[in-house]
Structures are given as structure tokens and as C-alpha cells.
Amino acid sequence: MVSFHCKTCNSEYSVNAGANILMICPYCKNDIGSISDYGFGPIVPCEVYVGMEKVADLDDKYVLRSEKYGINQQMTGEYKDLGYYKCVAEYMHEWLEHTETEAQHYIYSDKKNM
Ligand SMILES: [Zn+2]
């Protein structure tokens, strides 16, 4: 179990996830943390969560895939400094900003810390 805390909206998300995770806050739509099994690099494959829900995977060719959202997009970036994870975070932010509705937010979190 891994917990992520969003400082902006004071929400917390705990997920049972694999070794590599990127967490996006469903309210702010920003990257609020990542975990990778080397601790410093963008390791793939990586699971992408929006709050409590896993929505996508970054595969070992750095392609972001989401059945839920119909995303199949090559990510770009550098290996160092989590470049690929930043690309995913930016892509997801744009995607959520333009396509999410308020109603969909409820499935992501129990909002217990709101
Ligand atoms: Zn937030």
C-alpha cells in the first residue's frame, strides 16, 4: 500500500500498486508523486493512477496506453530526471482538463480528507 498526498487540495490517495506508479490528483489534475523501483529514474512499465483508479500504463516502449480513455500515445523525454514521467503527467493533465466532467471525479476518491 502506497499513499500519496496532494498539498493543493489536501487529499490523500492510497493504492495497492506495482513497483512503478505515477499518481495524478483527480481534482488538481497534477502529478502528485511517483514511485519507481530505482527511486530516481523513470522506470517502465509504469502504472498511471488518477486518485484511487488505475487508468493507464506506460509500457516498456514508453507508449502511454489507456483502455478507459482510449489513449495510445508515444511519450517523449529523457531518461534522467523522470523525463518520461513528466511527459505522462503533462499529457494526462491536458487530457483530463479537456475531457473530464465533474461527475466522473466521484469514482476516483472517497474524499475522506477533503
Ligand atoms: Zn489535488
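Presented here is an overview of the structure given in this document. All values reported here derive from a predicted model rather than from experimental measurement. (Residues numbered from 1 in each chain as written. Predicted model: local features only at pLDDT ≥ 70, side-chain atom pairs only at ≥ 80, totals over all residues.)

Here we look at unusual backbone geometry
Then step 1. Omega for the bond connecting V44 with P45 falls within 30 degrees of zero, at -5°, which places this linkage in the cis form.
Then step 2. Along the chain, P45 falls in the loop between β4 (31–35) and β5 (46–50).
Then step 3. One non-glycine residue, Y62, lies in the positive phi region at around 60°.
Then step 4. Of note, Y62 is situated in the loop between β6 (53–58) and β7 (63–66).
Then step 5. With 20 C-beta atoms counted inside 10 Å, the residue Y62 sits in the buried group. (Helix = DSSP H or I, 4+ residues; strand = E, 2+ residues; numbered from the N terminus. Buried ≥ 20, exposed ≤ 12 C-beta atoms within 10 Å, placed from the backbone.)

Details of the pairing of strand β2 (residues 11–15)
Then step 1. Here strand β1 (residues 2–6) runs beside β2; their pairing, made up of five bridges, is antiparallel. From the neighbouring strand, V2 faces β2, where its bridge partner is V15.
Then step 2. Counting the residues in the hairpin turn of β1 and β2 gives four residues, including N10, whose phi is positive at 55°. (Pairing = 2+ DSSP bridges.)

Focus on the nonpolar core
Then step 1. In this structure, L22, I24, V48, L58 and V88 are the most contacted members of the largest nonpolar core, which totals 29 residues.
Then step 2. Elements that contribute at least two residues to this core include exactly β1, β3 (21–24), β5, β6 and α1 (83–99).
Then step 3. Counting residues per element, this core draws most heavily on α1, at eight residues. (Core = buried A, V, L, I, M, F, W, Y, C linked by C-beta atoms within 7 Å.)

Description of the sheet that holds β4
Then step 1. Pairing is mixed across the open sheet formed by six strands, whose spatial order is β4-β3-β5-β6-β7-β8. Each having just a single partner strand, β4 and β8 (71–74) make up the two edges of the open sheet. Here the average twist between neighbouring strands, direction ignored, is 20°.
Then step 2. Relative to β6, β5 runs antiparallel, the two being bridged by five bridges. In the sheet register, Y49 faces β6, and the bridge partner there is K54.
Then step 3. Lying over the sheet, α1 contacts β3, β4, β5, β6, β7 and β8, oriented at roughly 30° with respect to β3. (Axes fitted to C-alpha atoms, helices over the stretch in contact; angles between N-to-C directions. Contact = placed C-beta atoms within 7 Å.)

Shape descriptors only; they carry no functional weight alone.
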